[in-house]
Structure formats: C-alpha cells, structure tokens
Amino acid sequence: MGQSISSPHHATVTRTSPPSSCPMHDVPSTGCPIQHNNPPVAKSSGGCPIDHPSLNTLNPSNQMPNLPQTPIYPQAVPLPTERTMSSIPRVVDGETSTRQTWEYPSPQQFYNALVRKGLDTPAEHVETVVEIHNFLNERAWGEVLKWERRVAQEGDEEPHLARFKGRPGEMSPKARFWMLAGWLLPSRFNTEPPFDRHDWIVRRPRDGTEVRYVIDYYSAPSTPNGDPGFALDVRPALDSFESIQQRVTVGMDDVWEELREKGWGKSERGGTQQAGS
C-alpha cells in the first residue's frame with residue numbers, strides 16, 4: 001500500500017514509532033511490553049481472582065468479558081478508570097444510521113484483562129502498555145483505510161469496525177511463511193515472530209459486505225533517537241476473490257516500486273535501456 005518497509009522480509013508493513021510526548025518512549029526498544037512467556041499468575045481453569053459468572057459471558061464484538069473497574073489481586077498500585085475514545089467507527093445496536101467510535105479500555109480494565117489471561121505485567125507499567133495498545137490500533141485502522149480506499153466508490157461512507165478478536169497465540173500463515181524464510185536465510189529475513197495478532201471484521205456501509213483483516217504486530221529496530229519501533233503487517237484475509245485480487249495487485253505494485261528505487265531499467269548514463277541495445 002506504499003508503506004515503508006520496517007522489517008527484513010518483504011512484507012507489506014508500516015514502520016511506526018510513538019510521538020515524542022507519548023509515555024511509551026519509556027518502554028524497552030524491542031519486544032512486546034506484555035510478558036507473554038512469563039508463568040501465569042493464576043490458572044485459567046480455576047482460581048482466577050475475577051473468575052465469576054458475569055465474566056464467563058464474552059462480548060461477541062471483541063471476544064472479551066465485561067471487565068470490572070475495581071482493583072484486583074495482585075495489583076499493588078491504583079490505576080485510572082477513565083476510558084479513551086478511539087477514532088475507529090462502529091455501529092450501535094446494528095443501526096447503520098447511528099455511528100459512534102470504539103472506546104478503549106481503561107488502564108484498570110486492561111490490567112484486569114491481563115490477570116484474567118494469566119499474563120504477568122506489573123500494574124505500574126499498565127498505563128504505558130495501554131498507550132502502546134491504543135497507538136498501534138489507531139495506526140492499524142489507518143492501514144485498513146488505505147486498503148478500503150482502493151475498492152471504495154464515489155459517495156461511499158467510511159467503513160467501520162464491526163467486531164474483532166485478539167489471537168496472540170495463533171500465528172497467521174503469512175507470519176509462518178516469513179518465519180520459515182528466516183530459518184532458511186537468517187541473514188536476509190526476519191527471524192522474530194509477531195508479538196500479537198488481531199483479526200478485524202470491517203463492514204462496508206454501502207452493501208453491508210464484511211471483510212476480515214489480519215494484523216500482525218512486530219517489534220522493529222529503534223529509531224535513530226532511541227524511540228521504540230513497531231511494524232504492522234495489515235492486509236485483507238484471503239477469504240474472497242476480491243481480497244486475493246487486492247493482495248496480488250498491491251504485491252506487484254510493491255515489487256515495481258522496489259525495482260524503480262533500485263534504478264532497474266536505467267542505463268549507466270541515466271537513459272532507459274532498450275531491447276537489443
């Protein structure tokens with residue numbers, strides 16, 4: 001989609017770093033700020049401090065329970081309960097005429113969700129993690145809109161995010177492919193897996209068509225001034241002929257752009273090479 005390449009492999013990704021005023025500059029320059037590999041603080045099958053009937057019902061829009069705003073064990077410091085509105089549109093009660101935006105969880109809700117999932121993250125770091133979470137989701141939505149503009153018709157309303165699901169433990173086929181490439185050619189391709197994955201269902205108001213987008217979140221090298229870097233690989237899933245056609249077209253555009261940047265088709269004197277010359 002014309003994004004800059006931020007990882008060693010030839011994926012269509014966008015390199016991003018937080019604005020200078022954002023507190024996520026205090027996080028390590030590589031890796032996910034959430035310690036996915038640490039031992040869980042509570043077993044998912046029982047003993048969770050917030051495992052009660054009201055949390056066993058998942059919201060179908062985001063596959064998460066309605067998390068409380070109250071502190072829970074082992075939280076040692078108080079966390080804010082204010083929530084932030086995103087720029088990502090949604091539909092309320094299925095009525096396309098009523099448009100609102102998704103609301104990000106508060107730091108307290110986010111911490112409760114981490115505990116529920118058995119992820120060990122110190123409470124004092126959660127506000128920074130929430131800032132990263134919100135920032136990356138805003139950038140991901142921007143990449144979705146780039147894809148959607150390729151198929152939009154004149155007069156179309158902006159699409160909206162109908163529902164989504166986090167799938168951090170499930171590597172996408174494309175991510176697996178690049179991991180294999182990194183294993184075969186580690187000097188050329190990235191060997192680090194994505195630290196997170198989301199599947200977003202985007203609905204087009206024109207006809208109600210729903211398109212699934214896959215988003216792989218990668219850590220990227222720090223910027224020259226030391227800010228943490230992230231790379232997002234955002235693309236429509238190969239669920240329809242239109243999505244396949246889009247992916248092929250964008251892939252070819254990226255190849256031609258790379259060839260142009262390398263000066264392919266240019267003679268040493270700067271002219272275009274002709275066949276038979």
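Residues numbered from 1 in each chain as written. Predicted model: local features only at pLDDT ≥ 70, side-chain atom pairs only at ≥ 80, totals over all residues. Heavy atoms only, no water.

Brief notes about a nonpolar patch on the surface
A cluster of nonpolar residues, Leu238, Ile244, Val248, Met252 and Trp256, forms a patch on the protein surface that exposes about 480 Å² of accessible area. Mapped onto the elements, Val248 comes out in helix 4 (residues 241-261). (Patch = residues over 30% accessible without salt bridge, like charges linked within 9 Å, V, L, I, M, F, W, Y side chains within 5 Å. Areas by Shrake-Rupley, 256 points an atom, 1.4 Å probe, with all protein chains shown as cover. Salt bridge = Lys/Arg side-chain N within 4 Å of Asp/Glu carboxyl O. Helix = DSSP H or I, 4+ residues; strand = E, 2+ residues; numbered from the N terminus.)

Remarks on the side chain of Ser243
By secondary structure assignment, the location of Ser243 is in helix 4. In this structure, Ser243 is in contact with Val211, Pro236, Ala237 and Leu238, ignoring residues within four places of it in sequence. (Contact = heavy atoms within 4.5 Å.)

A word on the pattern of salt bridges
According to the stated counting rule, one finds 17 salt bridges in the structure shown. With its nearest N and O atoms 2.9 Å apart, the salt bridge here joins Arg163 to Glu210. Placement of Arg163 in strand 4 (residues 160-166) and of Glu210 in strand 6 (residues 210-220) is noted, with a sequence separation of 47 residues between them. A salt bridge links Arg167 to Glu170, with the nearest nitrogen and oxygen atoms 2.5 Å apart. Among the charged side chains, a salt-bridge network with shared partners connects Arg167, Glu170, Arg197, Asp199, Arg212 and Asp239.

Side note on the packing of aromatic side chains
Enumeration over the complete set of coordinates arrives at five aromatic pairs. With a centroid separation of 6.4 Å and an interplanar angle of 35°, the aromatic rings of Trp141 and Trp200 are classed as tilted. On the criterion of sequence distance, the pair formed by Trp141 in helix 2 (residues 126-151) and Trp200 in strand 5 (residues 196-203) is long-range, its members being 59 residues apart. Summarising the burial analysis for this pair, Trp141 and Trp200 share the class buried. Put simply, the rings of Phe195, Tyr217 and Phe230 pair up and form one aromatic cluster. Across from the ring centre of Trp102, 4.0 Å away, lies the NZ or CZ of Arg90, which sits over that ring. (Phe/Tyr/Trp six-rings, centres within 6.5 Å; stacked < 30°, edge-to-face > 60°. Buried < 20%, exposed > 50% of the residue type's maximum accessible area, 1.4 Å probe, protein only. Lys NZ or Arg CZ within 6 Å of the ring centre and 35° of its normal.)

Here's the deal with the nonpolar core
Within the largest apolar cluster, 23 residues are counted, with the highest numbers of intra-cluster contacts made by Ile88, Leu136, Trp141, Val144, Trp200, Tyr213 and Tyr217. Only helix 2, strand 5, strand 6 and strand 7 (229-236) provide two or more residues apiece to this core. Broken down by element, the residue count for this core peaks at eight residues, all from helix 2. (Core = buried A, V, L, I, M, F, W, Y, C linked by side-chain atoms within 4.5 Å.)

With respect to the confidence of the model for the protein chain
In the predicted model, the protein chain carries a mean pLDDT of 77, and 69% of its residues have values of at least 70. Confidence over residues 38-56 falls short of pLDDT 50; this stretch has 27 contacts with residues more than four positions distant or in other chains. (pLDDT = per-residue confidence, 0-100.)

What about the pairing of strand 7?
Side-chain positions along a regular strand alternate between the two faces of the sheet. With respect to burial, strand 7 is a largely interior element, eight of its eight residues being buried. Side chains Gly229, Ala231, Asp233 and Arg235 of strand 7 all project onto a buried face; the interleaved residues Phe230, Leu232, Val234 and Pro236 project onto the opposite face, where all are buried too. Here eight bridges tie strand 6 to strand 7, and the two strands are oriented antiparallel to one another. From the neighbouring strand, Tyr217 faces strand 7, where its bridge partner is Leu232. (Pairing = 2+ DSSP bridges.)

Regarding unusual backbone geometry
With an omega dihedral of 5°, the bond running from Tyr73 to Pro74 counts as a cis peptide bond. In this fold, Pro74 is placed in the loop between strand 1 (13-16) and strand 2 (85-92).

What to know about the packing of helix 2 against helix 4
The interhelical angle for the contact between helix 2 and helix 4, taken along N-to-C directions, is 105°, at an axis separation of 11 Å. With respect to each other, helix 2 and helix 4 are oriented roughly perpendicular. Of the residues in helix 4, those in contact with Trp147, Arg150 and Val151 of helix 2 are Glu242, Gln246, Arg247, Thr249, Val250 and Asp253. (Axes fitted to C-alpha atoms, helices over the stretch in contact; angles between N-to-C directions. Parallel < 35°, antiparallel > 145°, perpendicular 65-115°, else oblique.)

Points about the packing of helix 1 (residues 107-116) against helix 2
Their axes nearest at 9 Å, the elements helix 1 and helix 2 cross at an angle of 95°. Viewed along their axes, helix 1 and helix 2 adopt a mutual orientation that is roughly perpendicular. Between helix 1 and helix 2, the contacting residues are Pro107, Phe110, Tyr111 and Leu114 on the first element and Val126, Glu127, Val129, Val130 and His133 on the second. For the contact of helix 1 with helix 2, the class distribution of residues is seven nonpolar, one polar and one charged. (Nonpolar A, V, L, I, M, F, W, Y, C, P; charged D, E, K, R; others polar.)

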